[in-house]
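Spelled out from the first residue to the last, the chains are:
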Amino acid sequence: MRIPILLSALGACLLLAPPAPAASQPRPTRTLERALDRAERELDQDRPERALRWLRRAAANAPTDARLAVLATRLLSPDDTALTASGGPRAEFVLALPAPLPALADDPERARLRTRWLASFLLAEAETAGDVATFPITLQDAEGARWLRWIAGLAVRRDDLGLAQTALERALQAWPQDPAPRRELAMVLLARGEPLGAVSILRTLRRTDPDNVPLRVELAGALLAAGDDGALTEYGALARLGPEHAVRHGLAALELGQPHRAEEVAREVLEAAPNTDAAWAILGLSLVAQGRLDEARPALRRGVSDPAARAALHRLEGTEQETPATEHTETTHVY
């Protein structure tokens, strides 16, 4: 007997019901097979909305059917504007199917897309960080962590850092072996104005991966945000890897109120690469901060492409009475 499409709240509940034990599942009926065949034909002809109608009929017969699971993932496309963070009928349908879907193990790309769009749909249901705890993500493994990391990424893009932090913390609980959520959590904490928490996480990660240069740069940046002089030690060690890291070292020295060290670093960079505009800017700003205004002018002119150097030069040429302390305060934080 053909079972009608379930549009009621009762139907949604039936779709969300846990799968029955494999031994008790009936053999596929002709109705189920016909619905799946029609859905597959519609998908082959790039008509996902029509396919959805047939997949709903199939789900009413056998919501845990393996072929249904595979066809359902074909409803999801990364280029489909219908599947946004506000959800959509197709994302909602796939979300209602029982999880996990073992049939996806042989198709990693479809699994990735399903993860992405389910996270989008889940995000639309999470208006506060506390709602993350109610998400139907029960897998304590890498897949569960991956879902939560997608949620965190979407939350960052909508500038909901509290939700991002909660999702990443849950991802760490689901799969603590993966360092990626820890590093992402550090960046979220930094963005939330909690640099000490970021420093703690990044220091732990560096101990297990001491040669990871981007990680070391992130740690130095977190230390700088915390006002910790350890940032200079980190940037100083990185400076040996290239002039771009030495420039960061000089900027950090300015930010931490150490213009003599900034001058020293800038001169070292210019000795090796005399056309480095950023180093000229740092040199000029460090000399302004020390009150050596006549020396600062030519350096600022060489580094005039930098906004802070250009502003400092305009002030020097326009208002000689400006004090060095004022120059330092107004320019170094531009970086």
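Above this text you will find the structure in question.
So, how was this worked out
- Residues numbered from 1 in each chain as written.
- Predicted model: local features only at pLDDT ≥ 70, side-chain atom pairs only at ≥ 80, totals over all residues.
- Heavy atoms only, no water.
- Core = buried A, V, L, I, M, F, W, Y, C linked by side-chain atoms within 4.5 Å.
- Buried < 20%, exposed > 50% of the residue type's maximum accessible area, 1.4 Å probe, protein only.
- Contact = heavy atoms within 4.5 Å.
- Helix = DSSP H or I, 4+ residues; strand = E, 2+ residues; numbered from the N terminus.
- Expected span 1.5 Å × (residues − 1).
- Phe/Tyr/Trp six-rings, centres within 6.5 Å; stacked < 30°, edge-to-face > 60°.
- Lys NZ or Arg CZ within 6 Å of the ring centre and 35° of its normal.
- Axes fitted to C-alpha atoms, helices over the stretch in contact; angles between N-to-C directions.
- Parallel < 35°, antiparallel > 145°, perpendicular 65-115°, else oblique.
- Left-handed = near helix turned anticlockwise from the far one by under 90°.
- Nonpolar A, V, L, I, M, F, W, Y, C, P; charged D, E, K, R; others polar.
- Salt bridge = Lys/Arg side-chain N within 4 Å of Asp/Glu carboxyl O.

Our next topic: the nonpolar core. Core analysis: the largest hydrophobic core is formed by 61 residues, its most contacted members being L202, I282, L283 and L300. With residues near it in sequence (within four places) discarded, L202 still touches R183, A186, M187, L215, E218, L219 and A222. Within the second largest apolar cluster, 19 residues are counted, among which are L36, L55, A72 and F93.

Between its first and last C-alpha, helix 11 (residues 213-225) extends 18 Å over 13 residues, near the 18 Å set by a 1.5 Å rise per residue. Regarding helix 11, the residues found buried are L215, R216, V217, L219, A220, A222 and L223. Looking one or two places after helix 11, you find G227, whose phi comes out positive at around 70 degrees.

In this section: the packing of aromatic side chains. In total, this model carries 0 aromatic pairs according to the counting rule given. The ring of W54 has R57 lying over it, and the distance from NZ or CZ to the ring centre is 4.5 Å.

The contact between helix 15 (residues 277-289) and helix 17 (residues 307-318) brings their axes to 9 Å, and the two run at 45 degrees. The angle between the axes of helix 15 and helix 17 places the two elements in the oblique class. When the axes of helix 15 and helix 17 are compared, the crossing they make is left-handed. Here A281, L285 and V288 of helix 15 come into contact with helix 17, specifically with A308, A309, A312 and L316. Grouping the constituent residues of the contact of helix 15 with helix 17 by class yields 7 nonpolar, no polar and no charged.

Here the focus is the pattern of salt bridges. Under the counting rule described, the total for this entry stands at 12 salt bridges. A salt bridge links D37 to R67, with the shortest nitrogen-to-oxygen separation between them at 2.8 Å. One end of the pair, D37, is in helix 2 (residues 30-44); the other, R67, is in helix 4 (residues 66-73), and 30 residues separate them in sequence. For D37, a relative accessible area of 34% translates into the label partly exposed. Under the relative-accessibility criterion, R67 is labelled partly exposed at 31%. Across the pair E263 and R292 runs a salt bridge whose closest N-O atoms are separated by 2.9 Å. Within this pair, whereas E263 is found in helix 14 (residues 259-272), its partner R292 is found in the loop between helix 15 and helix 16 (293-302), the two being separated by 29 residues in sequence. A relative accessible area of 11% means that E263 is categorised as buried. Connected via shared salt-bridge partners are E263, R267, R292 and E295.

For the rest of this paragraph, the subject is helix 16. Because an α-helix packs 3.6 residues into every turn, residues spaced three or four apart end up facing the same way. Taken together, the buried positions of helix 16 are occupied by L293, A296, R297, A299 and L300. Residues of helix 16 that are buried in the fold lie against helix 15 and helix 17.

Mapped onto the elements, R50 comes out in helix 3 (residues 48-61). A sequence separation of 12 residues divides R50 from R38, and the C-alpha atoms of the two residues are 9.1 Å apart.

One non-glycine residue with positive phi stands out, namely D46, at about 60 degrees. With respect to the helices and strands, D46 occurs in the loop between helix 2 and helix 3.

The next subject is the environment of P307. Note on placement: P307 falls in helix 17. Note on P307: relative accessible area 47%, which makes it partly exposed. For the pair formed by P307 and A281, sequence separation is 26 residues and the distance between their alpha carbons is 9.1 Å.

Axis angle and axis distance: for two packed helices, these are the angle between their axes and the distance between the axes, and together they describe the pair. Put simply, helix 11 and helix 13 (residues 243-255) touch, their axes get as near as 11 Å, and they point 10 degrees apart. Between helix 11 and helix 13, the crossing angle belongs to the class labelled roughly parallel. Contact residues: helix 11 offers V213, V217 and L224, while helix 13 offers H245, R248, A252 and E255. Considering only residue class, the contact of helix 11 with helix 13 consists of 4 nonpolar, 1 polar and 2 charged.

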